[in-house]
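# Commentary on secondary and tertiary structure
Okay, here's what each chain looks like letter by letter:
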Amino acid sequence: SGPEAVYEALRGDAAATQAVEGRGIKLRFVANVDPVDFDLNCRDLNPEETLVIVTSKSFTTAETMQNARTAQRWLVRNLCKASPELTKEIVISHHFGAVTISPDEAVKFGIS
């Protein structure tokens, strides 16, 4: 995927490596719509500290949106169970970002 290729390219850059050193940042890339792949990639993540960045030109590609909804369900299930006052809208607004040329579609998903 494009974002993963950028990440891999920057991993070899000393300045980029130094910029994130010691921050405890874990990056995961989910491009496969298999829910087992999602679970394997995210099982060691803390939902409270997770930011999902959906990268999609149109924000309508079926596979991308299926993965976005899978991440949404995972976050909502885990965060709302821990804090019943949270709503789906709050979870999305605090834990999702978008890279897209179709911001209206991202807003329809709940990302502002």
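In this text the structure is predicted, and so the values were computed from the model without any measurement.

According to the stated counting rule, one finds three salt bridges in the structure shown. Salt-bridge contacts for Arg-11 lead to Glu-8; the nearest nitrogen and oxygen are separated by 3.3 Å. Residue Arg-11 and its partner Glu-8 are both found in helix H1 (residues 2–11); the two are separated by three residues, about one turn of the helix. Using a relative accessible area of 39% as the deciding quantity, one classes Glu-8 as partly exposed. A salt bridge links Arg-28 to Asp-44, with the nearest nitrogen and oxygen atoms 2.7 Å apart. Taken together, the residues Arg-28 in the loop between helix H2 (14–20) and helix H3 (35–42) and Asp-44 in the loop between H3 and strand S1 (52–55) connect sequence positions 16 residues apart. Asp-44 gets classed as partly exposed once you look at its relative accessible area, which sits at 43%.

Time to look at unusual backbone geometry. Phi at Phe-59 takes a positive value of approximately 60 degrees, unusual for a residue other than glycine. Of the residues examined, Phe-59 reaches a relative accessible area of 3% and is grouped as buried.

Moving on, we get to the packing of helix H4 (residues 62–82) against helix H5 (residues 88–95). Between H4 and H5, the least distance of the axes is 10 Å, while the angle of their chain directions is 115 degrees. For the element pair H4 / H5, the angle class is roughly perpendicular. Judged by the twist between their axes, the crossing of H4 over H5 is right-handed. Here Gln-72, Leu-75, Val-76, Leu-79 and Cys-80 of H4 lie close against H5, whose contacting residues are Lys-88, Val-91, Ile-92 and His-95. Taken together, the residues of the contact of H4 with H5 break down into six nonpolar, two polar and one charged.

Another point: the packing of aromatic side chains. Scanning the entire structure with this criterion turns up four aromatic pairs. With 6.0 Å between their ring centres and 75 degrees between their planes, Phe-38 and Trp-74 make a pair best called edge-to-face. One end of the pair, Phe-38, is in helix H3; the other, Trp-74, is in helix H4, with 36 residues separating them in the sequence. Comparing Phe-38 with Trp-74 shows no difference in burial state: the two are buried. Among the aromatic residues, those joined into a ring-pair cluster are Phe-59, Phe-96 and Phe-109.

Definitions and limits used
Residues numbered from 1 in each chain as written. Predicted model: local features only at pLDDT ≥ 70, side-chain atom pairs only at ≥ 80, totals over all residues. Heavy atoms only, no water. Salt bridge = Lys/Arg side-chain N within 4 Å of Asp/Glu carboxyl O. Helix = DSSP H or I, 4+ residues; strand = E, 2+ residues; numbered from the N terminus. Buried < 20%, exposed > 50% of the residue type's maximum accessible area, 1.4 Å probe, protein only. Axes fitted to C-alpha atoms, helices over the stretch in contact; angles between N-to-C directions. Parallel < 35°, antiparallel > 145°, perpendicular 65-115°, else oblique. Left-handed = near helix turned anticlockwise from the far one by under 90°. Contact = heavy atoms within 4.5 Å. Nonpolar A, V, L, I, M, F, W, Y, C, P; charged D, E, K, R; others polar. Phe/Tyr/Trp six-rings, centres within 6.5 Å; stacked < 30°, edge-to-face > 60°.

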